[in-house]
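Okay, here's what each chain looks like letter by letter:
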Amino acid sequence: MSGIFNTLKSVASSVSLRSLVNLSRRGSLQPSDDNDACTFPSSIDFTDACAACDNPCPEHAAYSARTESQLDKTSTLAGSIKPYTHHLILCTGNAAFSWASHIDADSKLAAKIDDVASSLKGTVRTARSGANTPVGRVVVTACDRPRSNPAVHFDAHGDEVEAVDILVFPDHVMITDVTIENAEQVLTHWFQHNTLPPAPTGASFAPRLVPVEHKHHVLICAHKKRDSRCGESGPILIREFHRVIDRDFPDLHDQVAVYGTSHIGGHKFAGTLIMYPSGDWYGRVHTCDVTTLVKEQVRGGRTVKKLWRGRGLPLGKSGAEEGGKSGAAAPTNA
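Calculation notes
Chains are numbered independently. Their residues run from 1 in the order of the written sequence. In view of the model being predicted, local features appear only for residues whose pLDDT reaches at least 70, and side-chain atom pairs are presented and counted only at 80 or more, with totals across whole chains, interfaces and linings using the full set of residues. To obtain the side-chain values, all non-hydrogen atoms of the structure were used and water was disregarded. What counts as a helix is a DSSP run of H or I of at least four residues, what counts as a strand is a run of E of at least two, and both are numbered from the N terminus. Residue burial is assigned from relative accessible area. The probe radius is 1.4 Å, only protein chains are included, and a residue is buried under 20% of its type maximum, exposed over 50%, and partly exposed in between. Accessible surface area values rest on a Shrake-Rupley calculation with a 1.4 Å probe, where residue burial reflects the displayed protein chains alone. Note on definitions: angles span 0 to 180 degrees between N-to-C directions of axes, and those axes are lines fitted to C-alpha atoms, for helices only across the stretch in contact. For any pair of crossing helices, the crossing counts as left-handed if the nearer helix is rotated counterclockwise from the farther one by less than a right angle, and right-handed if it is rotated clockwise. The contact rule is simple, with two residues in contact once any of their heavy atoms fall within 4.5 Å. Polarity classes work like this: nonpolar for Ala, Val, Leu, Ile, Met, Phe, Trp, Tyr, Cys and Pro, charged for Asp, Glu, Lys and Arg, and polar for all others, with Gly in that last group. Here the nonpolar core consists of buried residues drawn from Ala, Val, Leu, Ile, Met, Phe, Trp, Tyr and Cys, with membership extended through side-chain atoms lying within 4.5 Å. When a carboxyl oxygen of Asp or Glu lies within 4 Å of a side-chain nitrogen of Lys or Arg, that pair is called a salt bridge. In short, DSSP must find at least two bridges between two strands for them to pair. When the sulfur atoms of two cysteines come within 2.5 Å, that pair is taken as a disulfide. Oblique is the label for every angle not falling under 35 degrees (roughly parallel), over 145 degrees (roughly antiparallel), or within 65 to 115 degrees (roughly perpendicular). In this analysis, rings of Phe, Tyr and Trp, with Trp reduced to its six-membered ring, are considered paired at centre separations within 6.5 Å, and the interplanar angle assigns stacked below 30 degrees, edge-to-face beyond 60, and tilted for intermediate values. Should the NZ of a Lys or the CZ of an Arg lie within 6 Å of a ring centre and within 35 degrees of the ring normal, that charge is described as sitting over the ring. Looking at any residue, its pLDDT shows the predictor's confidence there, from 0 to 100.

**Student:** For this particular structure, what's the right way to read the overall build of the chain?
**Tutor:** Counting secondary structure elements, the chain contains six helices and 16 strands. Counting every position in the chain, which comprises 334 residues, the buried fraction comes to 54%. Here the chain has roughly 14300 Å² of accessible surface; of this, 52% comes from carbon and sulfur atoms.

What follows is the structure, encoded as structure tokens:
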């Protein structure tokens, strides 16, 4: 069995997941009428340098007329997501344009992780503060972040072992080398005890907790074969985030990770993205909005109301509060 990874010898022998999670499954992110998802945080920033501008300019790359004509520009954004308590992000290393539209049938590992995530709801968890908290909805997506260890592992029969790294929010940790064989034990143990289970005796490799090097993560839907609107807007926004940070916010260069992600729902609101550690979701994002999002959400911790779809994680919770590792600045009055 070849597994869901291929050795990319032409690209530094990087190992990538061939398939992404099909979010039409139980773990998908879908619209909801839940009030928590449409309640604005206590402090909202209303500034937008391009809000009054209807004319495209050379500085800001525009979406095609075809894409613009297919976007929903009138429906209410706030409340267009369903709340959840945790987000598992599979780090694949694959380029977004290569992702299949419905890929769970091709990815046994992704399907397994999605099934495990669904089973975690209701798990009683001991937080670092000592308080027991129930796990709610756990969602699964994938991103193009490379694995931390690109080495290929083989079993006793010489078959490639399927493995993936998983970013866990709001915990702000990464678990490496999760496989079909260990996914249930590893994820269940983590959600129950905030630790990984002991490695089996004689195991050639085992899951590890590794530091997450970035304080902020921007996950932009770029799932081209799932929907052409995000397939066009996603790569444009990824480039613009990198350009704006490099040019205008060089001090944030090593603090912000920008990744393309698989289907997160709401393609009609393209461009769509999620920003951690706050868990704020945004839609109808254009390149002229990127500077505002970096300035206000990343640097200032203030939510940009006109683009806000909701906050998936419980309001006020972040990786900084749970783990004391990192996070956006506390919201202040704009």
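Picking up after the structure, the text goes on.
**Student:** Is there a simple way to explain the packing of helix α2 (residues 108-119) against helix α3 (residues 183-193) in this structure?
**Tutor:** Helices that pack against each other are described as a pair by the angle of their axes relative to one another and the distance between those axes. In contact at an axis separation of 10 Å, α2 and α3 are set at 35° when each is read in the N-to-C sense. Crossing handedness for the pair α2 and α3: right-handed. Together, Lys112, Ile113 and Val116 of α2 and Ala183, Glu184 and Leu187 of α3 make up the contact between the two elements. Tallied by class, residues from the contact of α2 with α3 come to four nonpolar, no polar and two charged.

**Student:** In this structure, what is going on with the nonpolar core? I would like to understand it.
**Tutor:** The tendency in soluble globular proteins is for nonpolar side chains to be buried side by side. Ranked by internal contacts, the top residues of the largest apolar core, which has 25 residues, are Phe241, Leu273, Tyr282 and Leu293. Secondary-structure elements contributing two or more residues to this core are β11 (216-221), α4 (228-248), β12 (256-261), β13 (273-276) and α5 (290-299). Counting residues per element, this core draws most heavily on α4, at six residues. Contact partners of leucine 293, with chain neighbours within four places excluded, come to Phe241, Leu273, Met275, Tyr282, Val285, Val298, Val304 and Leu307. Ile113, Val168, Leu187 and Phe191 belong to the second largest nonpolar core, which has 24 residues in total.

**Student:** Any chance you could explain the pattern of salt bridges here in plain terms?
**Tutor:** When charged atoms on two side chains of opposite charge get close, those side chains can pair. For the structure on display, the rule yields 14 salt bridges. When the shortest N-O distance is used, the salt bridge between glutamate 240 and arginine 243 registers 2.8 Å. Taken together, the positions of glutamate 240 and arginine 243, both in helix α4 and three residues apart, correspond to about one turn of that helix. On the accessibility criterion, glutamate 240 (6% relative accessible area) is buried.

**Student:** What exactly am I supposed to notice about the pairing of strand β4 (residues 86-91) here?
**Tutor:** Remember that side chains alternate between the two faces of the sheet whenever the strand is regular. The buried fraction of β4 amounts to six of the six residues, a majority that puts the element mostly inside the structure. Residues of β4 alternate between two faces, with His86, Leu88 and Leu90 on one and His87, Ile89 and Cys91 on the opposite face, all of them buried. As paired strands, β4 and strand β7 (residues 138-143) are joined by six bridges and run parallel to one another. Counted as the bridge partner of isoleucine 89 is threonine 141 from β7. The sheet contact formed by β4 and strand β8 (residues 164-169) spans five bridges and is antiparallel. In the sheet register, cysteine 91 faces β8, and the bridge partner there is aspartate 165.

**Student:** Mind showing me how you'd approach the state of the cysteines here?
**Tutor:** Note: disulfide means a covalent bond formed between the sulfur atoms of two cysteine side chains. With the rule as written, the count across this model stands at zero disulfides. Sulfur of cysteine 91: no disulfide; nearest cysteine sulfur belongs to cysteine 143 and is 4.2 Å away. For cysteine 91, a relative accessible area of 0% corresponds to the buried category. Of all cysteine sulfurs, the one in cysteine 230 lies closest to cysteine 221, which takes part in no disulfide; the gap is 3.7 Å.

**Student:** What should I look at first to understand the packing of α4 against α5 in this one?
**Tutor:** Two numbers describe how α4 lies on α5: the axes approach to 9 Å, and their chain directions differ by 60°. If you check the angle between α4 and α5, you find them oblique. In this structure, α4 crosses over α5, and the sense of that crossing is right-handed. Only Val290, Thr291, Leu293 and Val294 of α5 make contact with α4, whose side of the interface consists of Leu237, Glu240, Phe241, Val244, Ile245, Arg247 and Asp248.

**Student:** Quick question: what am I supposed to make of unusual backbone geometry here?
**Tutor:** Trans is the common state for peptide bonds, and a negative phi is the common state for residues other than glycine. The peptide bond linking alanine 270 to glycine 271 adopts the cis configuration, its omega dihedral lying at -5°. Structurally, glycine 271 can be placed in the loop between β12 and β13. In the Ramachandran plot, asparagine 194 falls in the positive-phi region, its phi being about 60° despite a non-glycine side chain. On the secondary structure map, asparagine 194 appears in the loop between α3 and β10 (209-210).

**Student:** Would you mind showing me how to read the packing of aromatic side chains here?
**Tutor:** Two aromatic rings are characterised by how far apart their centres lie and by the angle between their planes. Counted under the stated rule, the structure contains two aromatic pairs. An angle of 65° between the planes, with centres 6.3 Å apart, marks the rings of tyrosine 84 and tryptophan 281 as edge-to-face. Taken together, the positions of tyrosine 84 in the loop between α1 (65-69) and β4 and tryptophan 281 in strand β14 (residues 280-282) put the pair 197 residues apart, joining distant regions of the chain. Like tryptophan 281, tyrosine 84 is buried. Seen from the ring of phenylalanine 191, arginine 125 lies directly overhead, with NZ or CZ sitting 5.0 Å from the centre.

**Student:** How should the confidence of the model for the chain be read in this particular structure?
**Tutor:** The predicted structure's coordinates, where accompanied by low pLDDT, should not be read in detail. Looking at the chain, pLDDT values average 77 and 70% of them are 70 or higher. Note on residues 1-35: pLDDT is under 50 here. Beyond four places in sequence and across chains, it has 117 contacts. Considering only residues more than four positions removed or in separate chains, one finds that residues 315-334, a stretch of pLDDT under 50, has 51 contacts.

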